[in-house]
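Reading the structure
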Amino acid sequence: MKFKSVFDIIGPVMIGPSSSHTAGAARIGRVARDLFGKQPTWAKIHLYGSFAETYKGHGTDVAIIGGLLDYDTFDERIKTSFSEAEKLGLSYEFIPETGHTEHPNTARIVLGDDEREMSVVGISIGGGKTEITELNGFPLRLSGNLAAILVVHNDRSGCIASVANCLAKHNINIGHMEVSRKEKGNMALMVIEVDQNVSKDILDEITTLPNITKVTRIVD
């Protein structure tokens, strides 16, 4: 097995007693915020498996809220994220669930503001590593360890090629790519992890391509 760095073996620098329940939870919250694109004003956090059983004692709750406030895993403010959330007008609710999930450390975060809402499912797979497995009903696999762009588009021929060609033109290398759709010919989603951050100018260029409806980026 190959490791990108020593942190893949020993886990990240983090606040809290558990890399899976604290660092991983913070990353899930932060990726959810990145995908939403701004600070949400409310969040409902559904916890499954061991997250649901130990979220208070292991700091999963403060970690997820810290992530929603854009705190990194090593940020000392995670410890006081509840009070910080109150200051910033972020209301939240934790809902322990008893349903079965494929992974024991699973969180579904429904977040939003007065304009829109979004649903994200994330799992903490150990050592502070995470995967986002669902976005607004679309199945996907997003590690959160690399810069990424998410492209919502109409399910038409040529869309994937046009986005890939645009990235290649700007020397952006694709490390991992997945495409999913809810049904043939309807809305689809590209998840593209890349080796470097994608500039706003490139995002704007992708947005102008035919059949592209929305482009979001996650910065490394």
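Residues numbered from 1 in each chain as written. Predicted model: local features only at pLDDT ≥ 70, side-chain atom pairs only at ≥ 80, totals over all residues. Heavy atoms only, no water.

Attention now goes to the sheet that holds strand β6 (residues 138–142). Read from one edge of the open sheet, six strands run β2-β1-β3-β4-β5-β6, paired in mixed fashion. The open sheet is flanked by β2 (91–96) and β6, the only strands paired with a single partner. Taking each pair of neighbouring strands and ignoring which way they run, the sheet shows an average axis angle of 20°. Across six bridges, the pairing between strand β4 (residues 117–126) and strand β5 (residues 129–135) is antiparallel. Note on β5: the bridge partner recorded for G126 is K129. (Pairing = 2+ DSSP bridges. Helix = DSSP H or I, 4+ residues; strand = E, 2+ residues; numbered from the N terminus. Axes fitted to C-alpha atoms, helices over the stretch in contact; angles between N-to-C directions.)

Below, the discussion takes up the packing of aromatic side chains. Enumeration over the complete set of coordinates arrives at four aromatic pairs. Taking the centre distance of 5.8 Å and the plane angle of 25° together, the rings of Y55 and F94 count as stacked. Of this pair, Y55 sits in the loop between α3 (50–54) and α4 (60–68) while F94 sits in strand β2, and the two are 39 residues apart along the sequence. One exposure class covers both Y55 and F94, and it is buried. These aromatic residues form a ring-pair network of at least three members: Y55, F82, Y92 and F94. Over the ring of F138 we find K182, and its NZ or CZ is 4.9 Å from the ring centre. (Phe/Tyr/Trp six-rings, centres within 6.5 Å; stacked < 30°, edge-to-face > 60°. Buried < 20%, exposed > 50% of the residue type's maximum accessible area, 1.4 Å probe, protein only. Lys NZ or Arg CZ within 6 Å of the ring centre and 35° of its normal.)

To continue, consider the pattern of salt bridges. Inspection of every chain in the model, using the stated rule, returns twelve salt bridges. Here K79 and E76 are joined by a salt bridge, their closest N and O atoms 3.3 Å apart. Per residue, the accessibility class of K79 equals that of E76, and both read exposed. A network of salt bridges, in which partner residues are shared, links R30, D70 and D72. (Salt bridge = Lys/Arg side-chain N within 4 Å of Asp/Glu carboxyl O.)

Time to look at the sheet that holds strand β7 (residues 147–154). With antiparallel pairing, the four strands of this open sheet are ordered in space as β8-β9-β7-β10. With partners counted over all chains shown, the strands left at the sheet margins are β8 (174–181) and β10 (212–218), one partner each. Between one strand axis and the next, the sheet turns through 15° on average, direction left out of account. Relative to β10, β7 runs antiparallel, the two sharing six bridges. Residue V152 lies in a different strand from β10, and its bridge partner there is K214.

What follows deals with the confidence of the model for the protein chain. The predicted model of the protein chain averages 87 in pLDDT, with 90% of residues at 70 or higher. When mean pLDDT is taken per element in the protein chain, β2 scores highest with 97 and helix α1 (residues 7–10) scores lowest with 37. Segment residues 1–14: pLDDT under 50, and 20 contacts once partners within four positions in sequence are set aside and those in other chains are kept. (pLDDT = per-residue confidence, 0-100. Contact = heavy atoms within 4.5 Å.)

On to the nonpolar core, then. Most often, soluble globular proteins keep nonpolar side chains buried together rather than apart. Within the largest apolar cluster, 40 residues are counted, with the highest numbers of intra-cluster contacts made by L47, L68 and L142. It is helix α2 (residues 19–36) that provides the largest number of residues to this core, a total of seven residues. (Core = buried A, V, L, I, M, F, W, Y, C linked by side-chain atoms within 4.5 Å.)

Counting buried residues in strand β9 (residues 187–194) gives seven out of eight residues, a clear majority hidden from the surface. Judged from the eight bridges that link them, β7 and β9 form a sheet pairing that is antiparallel. Residue pairing for β9: N154 is matched across the bridge by M187. Turn length for the β8-β9 hairpin, with the two strands adjacent in sequence and antiparallel, is five residues, and the turn residue G185 shows positive phi of about 80°.

On to unusual backbone geometry, then. One non-glycine residue, N136, adopts positive backbone phi at about 50°. Residue placement: N136 occurs in the loop between β5 and β6. We note that N171 has phi near 60°; this positive angle belongs to a residue other than glycine. Among the structural elements, N171 can be located in the loop between α6 (159–169) and β8.

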